[in-house]
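If you want the building blocks of each chain, they are given just below.
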Amino acid sequence: PTLFRSAVDEGCDLDAAALPPFRTPFTFEPPRPLLSRTTSPALPSVQSITPYRGCVPGCVYCYARPSHAFLGLSPGLDFETKLFAKPDAAALLERELSKTNYRPRVINLGSNTDPYQPIERRHRITRQILEVLSAFNHPVSIVTKSNLILRDLDILAPMAAKGLAAAAVSVTTLKNRL
């Protein structure tokens, strides 16, 4: 088959600069256990924290999308437009790590959704979690698409120097140069 492209006028001649800024609504979640533990034989001893549910980048291939269905929301558009934040995450984490029966294992941030959502700039939930992990000398790994991780280098660099922090930045592009 022959492929072709053609321009289409959708009749939308709005001035983008005149539109109000798009704001992603978010809701605070009530406190509950923070650490998720995986019991899969394929991933032994894995635990994670998801500071935010939903994800603004909205990658179409994201395996976390169905998690929004547990909230009675669409794994489609709702996943990338309706965020949920856990404002008490740092306090819950501190309580969990202080338990006498707690055994340290690497905690993954970003294994479900990106811990650096745009609302992190204001709410600093991920940063607060990192402050607690640093105070406890607890290992952490982070997966993100956001350059906001650079804001937390003052916490992550000393942790990494002790072998307690690792980060992976996902870059999705069609540009081979990148």
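Residues numbered from 1 in each chain as written. Predicted model: local features only at pLDDT ≥ 70, side-chain atom pairs only at ≥ 80, totals over all residues. Heavy atoms only, no water.

## Section: the sheet that holds strand E8 (residues 165-169)
In step 1: On the basis of which strands lie adjacent, the open sheet formed by five strands has the order E2-E3-E6-E7-E8 and mixed pairing. At either end of the open sheet lies a strand with only one pairing partner, and these are strand E2 (36-38) and E8. Averaged over neighbouring strand pairs, the angle between their axes works out to 25 degrees when direction is ignored.
In step 2: Two elements, strand E6 (residues 107-109) and strand E7 (residues 140-144), share three bridges in a ladder whose sense is parallel. Residue pairing across strands places Leu-109 opposite Ile-142, the latter belonging to E7.
In step 3: Packed onto the sheet, helix H4 (residues 125-135) meets strand E3 (46-49), E6 and E7 and runs at close to 160 degrees relative to E6. (Pairing = 2+ DSSP bridges. Helix = DSSP H or I, 4+ residues; strand = E, 2+ residues; numbered from the N terminus. Axes fitted to C-alpha atoms, helices over the stretch in contact; angles between N-to-C directions. Contact = heavy atoms within 4.5 Å.)

## Overview of unusual backbone geometry
In step 1: Backbone geometry places Arg-124, a non-glycine residue, at a positive phi of 55 degrees.
In step 2: Although it is not a glycine, Asn-137 adopts a positive phi angle of roughly 50 degrees.

## Thoughts on the pairing of E8
In step 1: In the sheet, E7 pairs with E8 via five bridges, with the strands oriented parallel. Paired with Ser-141 across the strands is Ala-166, a residue of E8.
In step 2: Handedness of the E7-helix H5 (residues 153-161)-E8 crossover: right-handed. (Right-handed = clockwise from strand over helix to strand, strands pointing away.)

## Focus on the packing of H4 against H5
In step 1: In the contact formed by H4 and H5, the axes pass within 10 Å of each other and the chain directions differ by 30 degrees. The angle between the axes of H4 and H5 places the two elements in the roughly parallel class. Seen from above, H4 lies across H5 with left-handed handedness. Listed contacts from H5 to Arg-127, Leu-130, Glu-131, Leu-133 and Ser-134 of H4 are Asp-154, Ile-155, Leu-156 and Met-159.
In step 2: Along the lines of polarity and charge, the residues of the contact of H4 with H5 split into five nonpolar, one polar and three charged. (Parallel < 35°, antiparallel > 145°, perpendicular 65-115°, else oblique. Left-handed = near helix turned anticlockwise from the far one by under 90°. Nonpolar A, V, L, I, M, F, W, Y, C, P; charged D, E, K, R; others polar.)

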